[in-house]
Amino acid sequence: MTRRLDIANLPEFDNHEAVVYAVDEKVGLRSFIAIHNTNLGPATGGTRYWNYISEEEALRDALRLSQAMTYKCALSRVPYGGGKGVIIGNSHNPRKRHLFAAYAQRVNILNGSFYTGEDVGLTADNLRVLEKESKFVIGRERIAGNPSPWAARGVYYAILAALQAVFGDSEISGRMFSIKGVGKVGSVLCGLLYERGGKVHVADIAPEKVKSIKRKYPRVEVVKSSEIHKQKVDVYAPCALGGEFNKKTIPQLRSQIICGGANNQLASQEDGERLHSWDILYVPDYLANAGGLINVVAELDKRGYSRRRVEKKVRGIRTTAKKIIE
Ligand code: NAD
């Protein structure tokens, strides 16, 4: 029996403008689309496909992630609001194509109040189905393309601002970094730091990711996932999943700066205060990782997509980070 969810009483509910529960049992679709705030423009946010253990877990993720998208859009000065889609995954579903087509149709019903694209768990094939079925899908292969390198570059620029604030210079060479998760974002960030002389520690639960990063960047040091946040480094960059900083993990940190690509790094708002009281400079995830968003919404620019404009805006993350830190 399914339990009725009291949305407005969930801790992640923040006066969201709308929450859509999109279900199609024939194709195994169970999903939520949360629209947090559209004051600046239509909601935008990727769609996540994840093996959530319950509808409540999925909904709470959508509420939290859509709120962060509102902040991300506002800080990036793009005329959009916060939204997010989450699909409850099932790795045994043989009708995945139909599932994504059904989901795209639900996005179409929102008729442009919600633009979506790739997020964790979506494959290029899934994205192709979404693109085919909906004109409200952005981050298309042949236009803006993969947002991850842009997200990584934004993190890199935010790191420069944080280094400047803490150490008085933004030199990468000789500084120490640790990166949790060397997937699409973490691997590019690793390259940016490594190639500039940074000493980088990495961890990933997927052995093939570790192998591939070590092949590309042989001087990288590999540590266990459970140990990566405890490394004595200048900057810790979480680039796996969120919710990592809490009462237990914060006292174990030995880095002066946290600046990474993962969404929703703080387990709760209080953990932001907690980091502050431990004298750790935390660059908000929704600022540091905004490069991906900046790249995909550039597709909606009436002047057309321009790589040059995207680059300029992503570089601007450094200035915004500097102002926030100050
Ligand atoms: P990804 O799936 O390509 O990479 C994540 C990596 O983290 C994987 O290699 C995975 O094995 C690893 N991982 C998962 N749990 C781990 C753990 N406990 N310890 C160590 N490693 C672990 O995803 P991605 O696209 O690189 O995204 C990473 C994070 O950045 C996510 O939180 C995502 O929401 C966020 N983000 C991504 C983008 C983007 O454009 N890809 C943009 C903004 C934010």
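The numbers attached to residues start from 1 for each chain and follow its sequence in the written order. Side-chain atom pairs in this predicted model are given and counted only at pLDDT of 80 or more, local residue features only at pLDDT of at least 70, and totals for whole chains, interfaces and linings cover all residues. Excluding hydrogens and water, the side-chain figures rest on all heavy atoms present in the structure.

Turning next to the overall build of the chain. Of regular secondary structure, the chain possesses 10 helices and 12 strands. The atom set for the radius of gyration is the C-alpha atoms, and the globule formula is 2.2 Å times the number of residues raised to the power 0.38. Computed over C-alpha atoms, the radius of gyration of the chain comes to 19 Å, within 12% of the 20 Å expected from 2.2 N^0.38 for 326 residues, which places it in the range of a compact globule. Across its three principal directions, the C-alpha atoms of the chain cover 55 × 50 × 40 Å. Taken across its 326 residues, the chain has 52% of its residues classed as buried. Intrachain contacts of the chain at a sequence separation of at least 6 include 65% that bridge at least 24 residues. Every accessible area reported is derived by Shrake-Rupley at a probe size of 1.4 Å, with residue values counting cover from the shown protein chains alone. With an accessible surface of roughly 15700 Å², the chain has 49% of that area assigned to carbon and sulfur atoms. Positive charges are assigned to Lys and Arg, negative charges to Asp and Glu, while His and the chain termini are left out of the count. Each charge is placed at NZ for Lys, CZ for Arg, CG for Asp and CD for Glu. Separation between the mean location of the 49 positive side-chain charges and that of the 34 negative ones in the chain comes to 5 Å. Helix numbering and strand numbering both begin at the N terminus, where a helix is a DSSP run of H or I of at least 4 residues and a strand a DSSP run of E of at least 2. In this scheme, a residue with accessible area under 20% of its type's maximum is buried, one over 50% is exposed, and one in between is partly exposed, where area comes from a 1.4 Å probe on protein chains only. Should any heavy atoms of two residues lie within 4.5 Å, those residues are counted as being in contact.

Now for the packing of helix α2 (residues 96-109) against helix α3 (residues 124-133). At a minimum axis distance of 8 Å, the contact between α2 and α3 shows a crossing angle of 40°. Looking at the two axes, α2 sits oblique to α3. The interaxial crossing formed by α2 with α3 has right-handed handedness. Between α2 and α3, the residues in contact are Lys-96, Arg-97, Phe-100, Ala-101, Tyr-103, Ala-104, Gln-105 and Asn-108 and Asn-126, Val-129, Leu-130, Lys-132 and Glu-133, respectively. Residues are grouped as follows: Ala, Val, Leu, Ile, Met, Phe, Trp, Tyr, Cys and Pro are nonpolar; Asp, Glu, Lys and Arg are charged; every other residue, Gly included, is polar. Across the contact of α2 with α3, the residue classes break down as 6 nonpolar, 3 polar and 4 charged. For helices, the axis comes from a line fit to the C-alpha atoms of the stretch in contact; other axes are also lines fit to C-alpha atoms, and the angle between any two N-to-C directions lies between 0 and 180 degrees. What sets the label is the angle itself: under 35 degrees gives roughly parallel, over 145 gives roughly antiparallel, 65 to 115 gives roughly perpendicular, and the rest give oblique. For any helix crossing, the convention is left-handed if the near helix is rotated counterclockwise from the far helix by under a right angle, and right-handed if that rotation is clockwise.

Sheet architecture is open: 6 strands sit in the order β9-β8-β7-β10-β11-β12, paired in parallel fashion. Each of the sheet's edge strands pairs with one partner strand only, and the pair in question is β9 (221-222) and β12 (281-282). Two strands pair under a simple rule: DSSP has to find at least two bridges between them. Sheet topology note: the strand β11 (residues 257-258)/β12 ladder contains 2 bridges and is parallel. Each residue of the ladder has a partner; that of Ile-257, found in β12, is Leu-281.

Residues are counted as near a molecule or strand when any one of their heavy atoms sits within 4 Å of it. Near the ligand you find 23 residues, and of these Lys-184, Val-185, Asp-204, Ala-240 and Asn-263 are the closest. Here an oxygen atom of the ligand and a side-chain polar atom of Arg-48 are 3.0 Å apart. In protein, a polar contact means a hydrogen-donor-capable atom and an acceptor-capable atom, both N or O and within 3.5 Å, with residues adjacent in sequence counting only if both atoms are side-chain atoms; elsewhere, any N or O pair within 3.5 Å suffices. Between Asp-204 and the ligand, the recorded distance is 2.6 Å, taken from a side-chain N or O atom to an oxygen atom. When the free accessible area of the ligand is taken as 830 Å², the share hidden by the protein chains comes to 83%. Elements with a contribution of two residues or more to the shell around the ligand: α4 (148-167) and α5 (184-194). Its residues assigned to classes, the shell around the ligand shows 10 nonpolar, 7 polar and 6 charged.

Here the focus is the pairing of strand β1 (residues 18-24). Of the strand pairs in this sheet, β1 and strand β2 (residues 29-37) are connected by 7 bridges, and their pairing is antiparallel. Among the inter-strand pairings, Val-23 is bridged to a residue of β2, identified as Arg-30. With antiparallel pairing between neighbouring strands as the criterion, β1 and β2 make up a hairpin whose turn holds 4 residues, including Gly-28 at a positive phi of roughly 80°.

Once that is clear, we can look at α2. Helix span, expected: 1.5 Å multiplied by one less than the number of residues in the helix. Across its 14 residues, α2 extends 20 Å between first and last C-alpha, which sits within 8% of the 20 Å expected from 1.5 Å per residue. Buried residues of α2: Leu-99, Phe-100, Ala-101, Ala-102, Tyr-103, Ala-104 and Val-107, and no others. Residues of α2 that are buried in the fold lie against β1, β2, β4 (47-50), β5 (81-88), β6 (114-115) and α3. A positive backbone phi angle near 50° is found at Asn-111, which sits one or two residues after α2.

Quick look at the side chain of Ser-148 now. Mapping Ser-148 onto the fold places it in helix α4. Beyond its immediate sequence surroundings of up to four residues, Ser-148 is in contact with Lys-184 and Val-185.

Judged by how many residues are buried, β2 sits mostly within the fold: 7 of 9 residues are covered. Summarising the sheet, β2 and β5 pair through 6 bridges and their orientation is antiparallel. Bridge pairing links Ile-35 to Gly-83 in β5.

Unlike most non-glycine residues, Asn-111 shows phi in positive territory, near 50°. Here Asn-111 lies in the loop between α2 and β6. For Asn-111, a relative accessible area of 59% translates into the label exposed. Backbone geometry places Asn-264, a non-glycine residue, at a positive phi of 55°. Within the secondary structure, Asn-264 is located in the loop between β11 and α7 (269-277). Given a relative accessible area of 13%, Asn-264 falls into the buried group.

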